[in-house]
Amino acid sequence: MGSVKEYFSTLGSGIASLIKGMQVTGKEFVTPKITERYPEDRETVHVPERFRAILNLKYDADGRHKCIACGICERNCPNGTISLTTKMVETPDGKKKKKLERYQYDLGSCTFCQLCVSSCPQDALEFLNDFEQAVFTREKLVKKLNYLPEPPEPELTPEQIAAIKAEKEAKIAAAKAAAAAKKAAAEKAKAEGEAPKAE
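*Asks:* Sorry if this is basic, but what is going on with the overall build of the protein here?
*Replies:* Counting secondary structure elements, the protein contains four helices and five strands. A globule of 199 residues ought to have a C-alpha radius of gyration of about 16 Å, yet the protein, at 36 Å, is considerably larger. The principal-axis extent of the C-alpha atoms belonging to the protein is close to 135 × 45 × 30 Å. Burial status across the protein gives 19% buried among its 199 residues. In the protein, the proportion of contacts linking residues at least 24 apart, taken out of those at least 6 apart, comes to 67%. Of the roughly 15,600 Å² of accessible surface on the protein, 58% is carried by carbon and sulfur atoms. Computing the positive centroid from 32 side-chain charges and the negative centroid from 29, the protein places the two 4 Å apart.

If you want it as C-alpha cells, here you go:
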C-alpha cells in the first residue's frame, strides 16, 4: 500500500516539474529573438565603443603620431606584448632626439588590460573595437603599429636658423666671458700672493 502511495506521489511531483519546465519553454516560443546573424549583418552590427579588440597608434591628419618612444608602455605591459625599436636622430637645430623606428604589438598575447593606454604620457595609444582579427597563423597576430611612413622633419625658416645661430654664439660668448673672469680672478689672487679660491 505504501509503495502505491509513494508511486503516485512521485508521479505527481514529476508531472508538476514537467509543467513548470514547459511553461519556461512556452515563454521562449513567444519572446523576441535576439540571435546575432553575423556575418550577414556585419554592416549593421553594433559593437560598443568601450569594447577592446586591438591596440592602435593614434595618427593625426598630417600622418604623424604622438609617440615619443619613451618605452613606458613596453615596461608596463604584463605579458611583454609590446616591443619598441628606437633610434637617435639629430634635429635641424642640432639637438639629439630619440625617435620611434618600430612599434611591434603581439595581439595573440595581449590581455587587453589597457595599462599601456592609461600610462602613456602623450595619449598616443587607444584600443579599437574592430573585433575581426581572426588569422590562420600566430605570426600574423604580430603587428607593426607605426605602419605609415615617417613624414620628414619640418624645414627651419631663415629666421629660426638665425635665432639658433645667435643663441649658440651667445652661449659661446658667455662661456668665454666666464672663463676669462675666472682666469683674471686667479691671476689677481696669484699676484696678491693668495691661493686661488675654488669655485
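Resuming the write-up.
*Asks:* Please explain the nonpolar core as it appears in this structure.
*Replies:* Where a protein is soluble and globular, its nonpolar side chains tend to be buried together. Ranked by internal contacts, the top residues of the largest apolar core, which has 21 residues, are L55, L57, I82, Y103, Y105, C116 and L125. For this core, the secondary structure elements donating two or more residues are β1 (54–57), β2 (82–90), β3 (96–106), α3 (115–119) and β4 (125–128). If near-sequence neighbours (up to four positions away) are discounted, Y103 is found in contact with L55, L57, C67, C73, I82, S83, L84, L125, K143, K144, L145 and N146.

*Asks:* Sorry if this is basic, but what is going on with the pattern of salt bridges here?
*Replies:* Close approach of charged atoms allows side chains with opposite charge to pair. In the structure shown here, the tally under the stated rule is three salt bridges. The partner of E132 in a salt bridge is R42, with the nearest N and O atoms 2.7 Å apart. Placement of E132 in the loop between β4 and β5 (142–144) and of R42 in the loop between α1 (2–30) and β1 is noted, with a sequence separation of 90 residues between them. For E132, a relative accessible area of 36% gives the class partly exposed.

*Asks:* For this particular structure, what's the right way to read the sheet that holds β5?
*Replies:* Through backbone hydrogen bonds, the strands of a sheet pair up, either in parallel or in antiparallel fashion. Pairing in this open sheet of three strands is antiparallel, and the strands run β2-β3-β5 from one edge to the other. Every interior strand has two partners, whereas the edge strands, β2 and β5, have only one. Taken over all neighbouring pairs, the strand axes of this sheet differ in orientation by 25° on average, direction set aside. Here three bridges tie β3 to β5, and the two strands are oriented antiparallel to one another. Bridging across to β5, Y105 finds its partner in K143.

*Asks:* What is the right way to read the layout of surface pockets from this model?
*Replies:* Where empty space is left can be seen by rolling a probe of water-molecule size over the atoms. Considered as a void within the structure, the largest pocket measures approximately 220 Å³ in volume. Along the wall of the largest pocket there are twelve residues; nearest its centre are H65, C67, K97, K99 and E150. Taken together, the residues of the lining of the largest pocket sort by class into four nonpolar, two polar and six charged.

*Asks:* Quick question: what am I supposed to make of the packing of aromatic side chains here?
*Replies:* Two aromatic rings are characterised by how far apart their centres lie and by the angle between their planes. According to the stated counting rule, one finds four aromatic pairs in the structure shown. For the ring pair Y7 and F8, a centre distance of 5.2 Å and an interplane angle of 70° mean the geometry is edge-to-face. With a relative accessible area of 51%, F8 lands in the exposed category. On the basis of an interplanar angle of 55° and a centroid distance of 5.6 Å, the ring pair of Y38 and F131 is categorised as tilted. One end of the pair, Y38, is in the loop between α1 and β1; the other, F131, is in the loop between β4 and β5, with 93 residues separating them in the sequence. On the basis of relative accessibility, which here comes to 36%, the residue F131 falls in the partly exposed class.

Basis of the calculations
Residues numbered from 1 in each chain as written. Predicted model: local features only at pLDDT ≥ 70, side-chain atom pairs only at ≥ 80, totals over all residues. Heavy atoms only, no water. Helix = DSSP H or I, 4+ residues; strand = E, 2+ residues; numbered from the N terminus. Rg over C-alpha atoms; globule rule 2.2 N^0.38 Å. Buried < 20%, exposed > 50% of the residue type's maximum accessible area, 1.4 Å probe, protein only. Contact = heavy atoms within 4.5 Å. Areas by Shrake-Rupley, 256 points an atom, 1.4 Å probe, with all protein chains shown as cover. Lys, Arg positive; Asp, Glu negative; His and termini not counted. Charge placed at Lys NZ, Arg CZ, Asp CG, Glu CD. Core = buried A, V, L, I, M, F, W, Y, C linked by side-chain atoms within 4.5 Å. Salt bridge = Lys/Arg side-chain N within 4 Å of Asp/Glu carboxyl O. Pairing = 2+ DSSP bridges. Axes fitted to C-alpha atoms, helices over the stretch in contact; angles between N-to-C directions. 1 Å grid on protein atoms, 1.4 Å probe; cavity = no way out; pocket = protein on both sides within 12 Å on 5 of 7 lines; lining within 4 Å. Points joined across faces, edges and corners; volume = space filled by probe spheres on them. Nonpolar A, V, L, I, M, F, W, Y, C, P; charged D, E, K, R; others polar. Phe/Tyr/Trp six-rings, centres within 6.5 Å; stacked < 30°, edge-to-face > 60°.

Any functional reading would require information that these geometric values do not contain.
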